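Chain and residue survey
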Amino acid sequence: MDIYENFNRMAKSHVATIKDCEILTDEIVKSARTFISNAFKWDSGAYRPVSDVLHKRLLDEIYKAEYEIEYDKRYQQPTNTNSYEYGNEIAHREASRLANEFIDGLECESIDYLYNILKGYRQ
């Protein structure tokens, strides 16, 4: 079997794993990074879809974590006399805006850097 065909086959497997997993574990990220490195060394373009999917997934996970933190800062528990529905709607918009601003600053960062940020949220 041609090595480039093998790279393309493995790339599809990595892409499916990254997209379908519930939690991005150290093993999944390490395996994908190793694959990206090896495919790049062999001058195979198969690394690109894996790199793109992993980068996007990391950004999505960081967005969710940042959103939760910002929303929790602003959320108001409903009481018997006030539902705080409008205030929590504002909390949602503000948390979304701040998380988007944070993600916009990370768009061009490396996978290693993004994964380190994500691990910081998990601790």
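Summary of the structure given here. Bear in mind that the values here come from a model prediction, so they are computed numbers and not experimental data.

1. A closer look at helix H2 (residues 26–41)
Look at H2: 22 Å from first C-alpha to last across 16 residues, which is about the 22 Å you get at 1.5 Å a residue. Those residues of H2 not exposed but buried are Ile-28, Val-29, Ala-32, Phe-35, Ile-36 and Ala-39. One side of H2 carries all its buried residues, which in axial view fall inside an arc of 130°. For H2, exposure combined with an orientation more than 90 degrees from the buried face picks out Glu-27, Lys-30 and Lys-41. Against the buried residues of H2 lie helix H1 (3–20), helix H3 (47–74) and helix H5 (111–122). Where H2 terminates, the next one or two residues include Asp-43, which has phi positive at roughly 60°.

2. What about the packing of aromatic side chains?
Throughout the structure, instances matching the rule amount to 5 aromatic pairs. Judged by centre distance (5.8 Å) and plane angle (10°), the rings of Tyr-67 and Tyr-71 are stacked. Here Tyr-67 and its partner Tyr-71 are both found in helix H3, 4 residues apart, which amounts to about one turn of the helix. Every member of this aromatic cluster is reached through a ring pair, and the members are Tyr-63, Tyr-67, Tyr-71 and Tyr-75.

3. Digging into the packing of H1 against H3
Axis angle and axis distance: for two packed helices, these are the angle between their axes and the distance between the axes, and together they describe the pair. Axis separation between H1 and H3 bottoms out at 9 Å; the angle between their running directions is 10°. Taken together, the axes of H1 and H3 are roughly parallel relative to one another. In this structure, H1 contributes Ala-11, His-14, Val-15, Ile-18 and Lys-19 to the contact, and H3 contributes Pro-49, Val-50, Val-53, Leu-54 and Arg-57. Of the residues in the contact of H1 with H3, the class split is 7 nonpolar, 1 polar and 2 charged.

The rules we used
Residues numbered from 1 in each chain as written. Predicted model: local features only at pLDDT ≥ 70, side-chain atom pairs only at ≥ 80, totals over all residues. Heavy atoms only, no water. Helix = DSSP H or I, 4+ residues; strand = E, 2+ residues; numbered from the N terminus. Expected span 1.5 Å × (residues − 1). Buried < 20%, exposed > 50% of the residue type's maximum accessible area, 1.4 Å probe, protein only. Arc of directions from axis to C-beta. Contact = heavy atoms within 4.5 Å. Phe/Tyr/Trp six-rings, centres within 6.5 Å; stacked < 30°, edge-to-face > 60°. Axes fitted to C-alpha atoms, helices over the stretch in contact; angles between N-to-C directions. Parallel < 35°, antiparallel > 145°, perpendicular 65-115°, else oblique. Nonpolar A, V, L, I, M, F, W, Y, C, P; charged D, E, K, R; others polar.

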